[in-house]
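Take a look at the letters that make up each chain.
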Amino acid sequence: MNIVIFGPPGAGKGTQSKFIAQKYNLFQLSTGELLRKEIKNKTELGSKISSIINSGELVSDNIVSNLIEKFISNDIYKQRLIFDGYPRSLAQVRNLENLLNKYNQKIDLVLKLSVSLDTIKKRISERKTQEKRLDDSEEIAIKRFKTYEDSTEPVIDYYKKSNLLKFVNGETTISKINVEISDLIDSIKGWH
Ligand code: AP5
Ligand code: MG
């Protein structure tokens with residue numbers, strides 16, 4: 001099963017992806033985490049993207065597409081991926097469809113976690129004290145939310161037409177959301 005998980009910054013994409021990956025033996029593919037790893041490891045790519053990430057903008061479609069192809073093309077992860085934070089623009093939707101076709105795969109479920117801007121601000125300011133993500137200041141979190149509204153919300157409209165999209169209330173507790181997502185996954189026929 002391949003799953004796409006959407007939601008604004010702080011919605012719980014990473015938290016829920018980790019849980020689903022463990023429970024269903026899938027692999028969490030977080031483009032944000034992959035990009036942060038490049039910065040942490042001081043790679044050439046990392047130095048190119050750090051100012052973009054730390055300003056709350058999206059890095060180029062090409063860069064992200066190259067990163068995710070490494071996973072989509074790897075048989076170990078075939079039909080076992082959770083896309084956390086990808087696709088984030090209509091161009092990325094097309095890239096993803098092309099890559100999935102190329103490697104004979106498909107998306108089975110698209111989850112959208114909804115949370116308010118107030119909740120986002122609260123969660124991100126709490127996380128800032130623990131994880132020290134450079135893009136977790138309130139100002140940049142608001143910028144990331146704006147980027148999400150401008151670039152990513154049109155992607156959700158696109159998936160609305162596909163019947164794969166399910167909305168999940170991201171404002172409740174982590175464990176309640178776990179249960180809701182598990183029920184959605186379990187309801188998909190032919191999946192064990
Ligand atoms: P990315 O890393 O994806 O950041 P994001 O979308 O801003 O989302 P976050 O990781 O901040 O939040 P989350 O939804 O994962 O929430 P989490 O589970 O951590 O992207 C970062 C940057 O990379 C982008 O801005 C962009 O520059 C670049 N990038 C990434 N992908 C890209 C792409 N495809 N194209 C181009 N550029 C790309 O939860 C947040 C906090 O809340 C945690 O502390 C958690 O413990 C807590 N929490 C979670 N759920 C709950 C709950 N239900 N109740 C209470 N607390 C909760
Ligand atoms: Mg995340």
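Our subject is the structure that appears above.
Since this is a predicted model, take the numbers as computed values, not measurements.

This part takes up the packing of helix α2 (residues 31–40) against helix α3 (residues 44–53). The interhelical angle for the contact between α2 and α3, taken along N-to-C directions, is 120°, at an axis separation of 8 Å. With respect to α3, the axis of α2 lies oblique. Our pair here, α2 against α3, has a crossing hand that is left-handed. Between α2 and α3, the residues in contact are L35, E38 and I39 and L45, G46, I49, S50 and I53, respectively. Split by residue class, the contact of α2 with α3 holds 5 nonpolar, 2 polar and 1 charged.

Among the nonpolar cores identified, the biggest contains 30 residues, and I68, I72, F83, L96 and Y159 are the most heavily contacted of them. For this core, the secondary-structure elements that each account for two or more residues are β1 (3–6), α2, α3, α4 (61–72), β3 (81–84), α5 (90–102) and α7 (138–160). For this core, the element with the highest residue contribution is α4, accounting for 6 residues. Those residues in contact with F83 that sit more than four places away from it in its chain are N2, I3, V4, I5, L29, I68, I72, L96 and L100.

By nearness alone, 31 residues border ligand 1, and T15, E57, R88, R127 and R144 come closest of all. Expressed as a share of its isolated accessible area of 1,000 Å², the protein-covered part of ligand 1 is 88%. When residues of the shell around ligand 1 are traced back to their parent elements, those giving at least two are α1 (13–24), α2, α6 (117–131) and α8 (174–186). With 4 residues, α2 is the largest single contributor of residues to the shell around ligand 1. Residue classes in the shell around ligand 1 are distributed as 11 nonpolar, 11 polar and 9 charged.

Going through the model one piece at a time under the given rule, you end up with 10 salt bridges. Across the pair K18 and E33 runs a salt bridge, and its minimum N-O distance is 3.3 Å. On the criterion of sequence distance, the pair formed by K18 in helix α1 and E33 in helix α2 is long-range, its members being 15 residues apart. A salt bridge links E69 to K102; the nearest nitrogen and oxygen atoms lie 2.8 Å apart. Of this pair, E69 sits in helix α4 while K102 sits in helix α5, and the two are 33 residues apart along the sequence. We classify K102 as exposed; its relative accessible area is 56%. A single salt-bridge network, built from bridges that share partners, covers R127, R133, D135, D136 and R144.

Conventions we followed
Residues numbered from 1 in each chain as written. Chains lettered and ligands numbered in written order. Predicted model: local features only at pLDDT ≥ 70, side-chain atom pairs only at ≥ 80, totals over all residues. Heavy atoms only, no water. Axes fitted to C-alpha atoms, helices over the stretch in contact; angles between N-to-C directions. Helix = DSSP H or I, 4+ residues; strand = E, 2+ residues; numbered from the N terminus. Parallel < 35°, antiparallel > 145°, perpendicular 65-115°, else oblique. Left-handed = near helix turned anticlockwise from the far one by under 90°. Contact = heavy atoms within 4.5 Å. Nonpolar A, V, L, I, M, F, W, Y, C, P; charged D, E, K, R; others polar. Core = buried A, V, L, I, M, F, W, Y, C linked by side-chain atoms within 4.5 Å. Buried < 20%, exposed > 50% of the residue type's maximum accessible area, 1.4 Å probe, protein only. Near = heavy atom within 4 Å. Areas by Shrake-Rupley, 256 points an atom, 1.4 Å probe, with all protein chains shown as cover. Salt bridge = Lys/Arg side-chain N within 4 Å of Asp/Glu carboxyl O.

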